[in-house]
Amino acid sequence: MEIKSLNREFDSSNILLFFFRWWKHLLIITLSAAVLAVIFSSPFFITPMYESSVVMFPTKSNTISKVLYNTYADFLQYGDVEEAERMMQVLGSANIRERIIDRYDLMNHYKIPKNAKYPLTTLWKEYDGNIKALRTKYGAIELRVRDKDPVIAANIANEIAALVDTVQNEMRNERARIAFEATKRVHEFADAEIWKSEDSLRTIMKMGIVEYTTQTEMLTRQLAIDLSNNNHRGVAAIQKQLDILREQAGVFLTQRVQLDQIARNYFGIQKITEDARIDYENFVPFKFMVDKAYVPEKKIYPVRWLIVFLATFAAGVMGTLSIMTYETLVRKGVIAPKK
């Protein structure tokens with residue numbers, strides 16, 4: 001009996017009669033909710049937010065010297081997952097965050113009082129809530145910036161995209177500077193050793209020593225000839241030259257070997273130094289820009305029509321349920337009907 005009675009209470013005819021009896025009340029409830037939603041979703045209560053975005057692809061991480069000396073094609077390759085994750089890390093770094101905060105005075109822009117209990121924590125939370133980077137399904141990075149000022153939203157997005165290259169080049173150049181200074185010292189040492197060896201050889205060559213082995217053989221042959229001819233004067237002159245060769249042979253041969261060894265390694269040292277210099281002095285792009293940020297014309301938040309619709313619908317549902325509950329309680333005698 002109770003199930004049949006319940007079915008009778010909520011059959012279609014009763015529902016139609018219900019709305020016929022209470023349509024004025026429901027209309028007032030839904031209209032009031034709609035008006036309130038319009039008012040409280042206005043800029044006086046909810047600050048409109050504009051969104052601007054940048055889309056970019058990471059590049060393959062190669063040094064300029066490696067690209068120039070090996071294959072130019074590497075410089076044009078898109079980065080893979082590793083480069084994308086690295087770019088995401090840089091985008092979320094404190095280095096970029098602090099520069100953007102200082103450049104656009106976000107503490108005042110977000111109206112965060114400096115005497116607040118945790119001003120920096122509040123500022124960073126606001127920053128992270130308005131600036132987000134995410135990977136697209138095609139492997140690109142999309143940077144989205146929301147702000148109450150559409151111009152600032154676009155400027156911040158483009159500024160952060162530019163800082164991606166700046167910050168990574170600063171980190172890279174610090175290591176490149178250390179490498180360049182080290183290779184430069186090696187190069188300077190090699191230059192000094194070459195000059196010292198050449199200077200020693202020039203000094204010895206002034207004594208008449210040009211090629212030890214060849215000269216020794218020639219003087220020995222000439223000595224034999226002069227001895228057979230009893231040319232005592234020629235023998236004395238040749239003997240004097242041979243004495244000089246014997247005295248300076250060790251220094252001459254040592255300097256020649258050292259000079260030859262340094263000369264063989266000098267080209268490699270010079271190339272390494274030049275590579276380090278190229279990597280240190282040049283600015284490397286770490287991204288391909290797909291779309292730069294433009295000033296948005298329409299706000300993205302709040303969506304007023306959606307707020308009004310949901311508020312009106314929710315008020316209508318809640319009003320209907322409340323009145324149904326009231327009728328049920330009256331019918332069961334739990335509460336007295338209002339006159």
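How each quantity is defined
Residues numbered from 1 in each chain as written. Predicted model: local features only at pLDDT ≥ 70, side-chain atom pairs only at ≥ 80, totals over all residues. Heavy atoms only, no water. Salt bridge = Lys/Arg side-chain N within 4 Å of Asp/Glu carboxyl O. Helix = DSSP H or I, 4+ residues; strand = E, 2+ residues; numbered from the N terminus. Buried < 20%, exposed > 50% of the residue type's maximum accessible area, 1.4 Å probe, protein only. Phe/Tyr/Trp six-rings, centres within 6.5 Å; stacked < 30°, edge-to-face > 60°. Lys NZ or Arg CZ within 6 Å of the ring centre and 35° of its normal. Core = buried A, V, L, I, M, F, W, Y, C linked by side-chain atoms within 4.5 Å. Pairing = 2+ DSSP bridges. Axes fitted to C-alpha atoms, helices over the stretch in contact; angles between N-to-C directions. Contact = heavy atoms within 4.5 Å. Parallel < 35°, antiparallel > 145°, perpendicular 65-115°, else oblique. Nonpolar A, V, L, I, M, F, W, Y, C, P; charged D, E, K, R; others polar. Arc of directions from axis to C-beta. Polar contact = N/O pair within 3.5 Å; in protein donor to acceptor, adjacent residues only side chain to side chain.

J.: Requested: an account of the pattern of salt bridges, with residues and values cited.
T.: Across all of its chains, the model carries seven salt bridges by this definition. A salt bridge links Glu170 to Arg99; the shortest N-O distance between them is 2.5 Å. Residue Glu170 is located in helix H8 (residues 150–205), and its partner Arg99 is located in helix H5 (residues 94–103); the two are separated by 71 residues in the primary sequence. A salt bridge links Asp165 to Lys287; the nearest nitrogen and oxygen atoms lie 2.6 Å apart. Taken together, the residues Asp165 in helix H8 and Lys287 in strand S4 (residues 287–291) connect sequence positions 122 residues apart. Given the relative accessible area of 8%, Asp165 is considered buried.

J.: Go over the packing of aromatic side chains with me, naming the residues and quoting the values.
T.: Inspection of every chain in the model, using the stated rule, returns two aromatic pairs. Ring centres of Trp22 and Tyr326 lie 6.2 Å apart, and the angle between their planes is 90°; this geometry places the pair in the edge-to-face category. Taken together, the residues Trp22 in helix H2 (residues 12–40) and Tyr326 in helix H11 (residues 304–331) connect sequence positions 304 residues apart. Exposure remark for Trp22: the relative accessible area of 18% places this residue in the buried category. Given a relative accessible area of 24%, Tyr326 falls into the partly exposed group. Here Phe309 and Phe313 contribute two aromatic rings whose centre-to-centre distance is 6.2 Å and whose plane-to-plane angle is 15°, an arrangement assigned as stacked. With Phe309 and Phe313 both in helix H11 and four residues apart, the pair spans about one turn of that helix. Since its relative accessible area comes to 53%, Phe313 is described here as exposed. Taking the ring centre of Trp124 as reference, the NZ or CZ of Arg97 above it sits at 4.5 Å. Stacked on the ring of Tyr104, the Lys or Arg Arg103 has its end atom at 4.9 Å from the ring centre.

J.: Please set out the nonpolar core residue by residue, giving values where relevant.
T.: Ranked by size, the top nonpolar core spans 31 residues in total, and within it Met56, Ile96, Ile100, Leu106, Tyr127, Ile156 and Ile160 carry the most contacts. Contributing elements (two or more residues each) for this core: strand S1 (50–58), helix H4 (81–91), H5, helix H6 (106–109), helix H7 (119–130), strand S3 (141–147) and H8. Of all the elements, H8 adds the most residues to this core, at 10 residues.

J.: Describe the sheet that holds S1, naming the residues involved and giving the relevant values.
T.: Spatially, four strands are ordered S2-S3-S1-S4 in an open sheet, and the strand pairing comes out antiparallel. Edge strands, defined here as strands with exactly one partner in the open sheet, are strand S2 (131–135) and S4. Strand-to-strand, the axes of this sheet are offset by a mean angle of 25°, without reference to chain direction. Where S1 meets S3, seven bridges bridge the pair, whose relative direction is antiparallel. Note on S3: the bridge partner recorded for Met56 is Ile141. Across the sheet, H4 touches S1, S2, S3 and S4, and the angle it forms with S2 is around 175°. Against the sheet, H7 engages S2 and S3, with an angle of about 45° to S2.

J.: Can you explain the packing of H5 against H7? Please cite residues and give values.
T.: Where H5 meets H7, the closest approach of the two axes is 12 Å, and the angle between their N-to-C directions is 100°. Judged on the interaxial angle alone, H7 and H5 are roughly perpendicular. Contact with H5, carried on its side by Ile96, Arg97, Glu98, Ile100 and Ile101, involves Leu123, Trp124 and Tyr127 of H7 and no other residues of that element. Its residues placed into classes, the contact of H5 with H7 shows six nonpolar, no polar and two charged.

J.: Quick rundown of H5? Include the residues and the values.
T.: The set of residues buried in H5 consists of Ile96, Arg97, Ile100 and Ile101. Angularly, the buried residues of H5 cover 130° about the axis, an arc narrow enough to put them on a single face. Exposed residues lying more than 90 degrees from the buried face of H5 are Asp102 and Arg103.

J.: Break down the pairing of S1 for me, citing the residues and quoting the values.
T.: Bridging between S1 and S4 involves four bridges; their strand directions are antiparallel. Each bridged residue has a counterpart across the sheet, and for Met56 the counterpart in S4 is Met289.

J.: Can you tell me about the side chain of Glu142, naming the residues and giving the values?
T.: Topologically, Glu142 is positioned in strand S3. Exposure remark for Glu142: the relative accessible area of 15% places this residue in the buried category. Within the structure, the side chain of Glu142 is placed 3.3 Å from the side chain of Arg144, a separation counted as a polar contact. Beyond its immediate sequence surroundings of up to four residues, Glu142 is in contact with Ser53, Val54, Val55, Lys132, Ala133, Leu134 and Thr136.

J.: Can you explain unusual backbone geometry? Please cite residues and give values.
T.: Of note, Asp105 is a non-glycine position whose phi angle comes to about 45°, a positive value. With respect to the element layout, Asp105 can be found in the loop between H5 and H6.

Interpretation note: all reported values are geometric properties and have no functional meaning in isolation.
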